[in-house]
Amino acid sequence: MTILYLLNGHPFCVCGIKDCIGIAGSTLSYHLNIMKENGLIDCEQQGKWSIYQITDKGKKYAHEIE
């Protein structure tokens, strides 16, 4: 949920998400993959960076959980 709330503000790269929530890279990668597979977030490649953003489905899910 923390990741969804963070991405609700604006898109972030993996390193930005990691710095904001302070979890290990492997743990973050695991959670990002699960959220991406379930359509809660999207990923866009910008050069060597992977930029994650919340989808409409992710926004609805985060709002329902509040």
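That block above? That's the structure.
The following paragraphs examine the structure supplied in this document. What you see is a predicted model, and the numbers here were worked out from it, not measured in a lab.

The next point concerns the sheet that holds strand β2 (residues 41-46). Spatially, the three strands line up as an open sheet ordered β1-β3-β2, and their pairing is antiparallel. The open sheet is flanked by β1 (12-13) and β2, the only strands paired with a single partner. Where β1 lies against strand β3 (residues 49-54), two bridges are found, and the strand directions are antiparallel. Residue pairing across strands places C13 opposite I51, the latter belonging to β3.

Let us now look at the side chain of T55. Topologically, T55 is positioned in the loop between β3 and α4 (56-65). One polar contact links the side chain of T55 to the main-chain amide nitrogen of G58, over a distance of 3.1 Å.

Another aspect to go through is the packing of helix α1 (residues 2-9) against helix α2 (residues 14-21). Across the interface, α1 lies against α2 with an axial gap of 11 Å and an inter-helix angle of 120 degrees. Taken together, the axis directions place α1 and α2 in an arrangement best described as oblique. For the pair α1 and α2, the crossing hand works out as right-handed. Of the residues in α2, those touching α1 at T2, I3, L6 and L7 are I17, C20 and I21. For the contact of α1 with α2, the per-class residue count stands at six nonpolar, one polar and no charged.

Right, let's get into the environment of K57. Relative to the helices and strands, K57 is located in helix α4. Here the alpha-carbon distance between K57 and C20, two residues 37 residues apart in the chain, equals 23 Å. Residues contacting K57, with those up to four places away along its chain left out, are N38, G39 and L40. At 2.9 Å, the side chain of K57 and the backbone oxygen of N38 are in polar contact.

Cut-offs used in this document
Residues numbered from 1 in each chain as written. Predicted model: local features only at pLDDT ≥ 70, side-chain atom pairs only at ≥ 80, totals over all residues. Heavy atoms only, no water. Pairing = 2+ DSSP bridges. Helix = DSSP H or I, 4+ residues; strand = E, 2+ residues; numbered from the N terminus. Polar contact = N/O pair within 3.5 Å; in protein donor to acceptor, adjacent residues only side chain to side chain. Axes fitted to C-alpha atoms, helices over the stretch in contact; angles between N-to-C directions. Parallel < 35°, antiparallel > 145°, perpendicular 65-115°, else oblique. Left-handed = near helix turned anticlockwise from the far one by under 90°. Contact = heavy atoms within 4.5 Å. Nonpolar A, V, L, I, M, F, W, Y, C, P; charged D, E, K, R; others polar.

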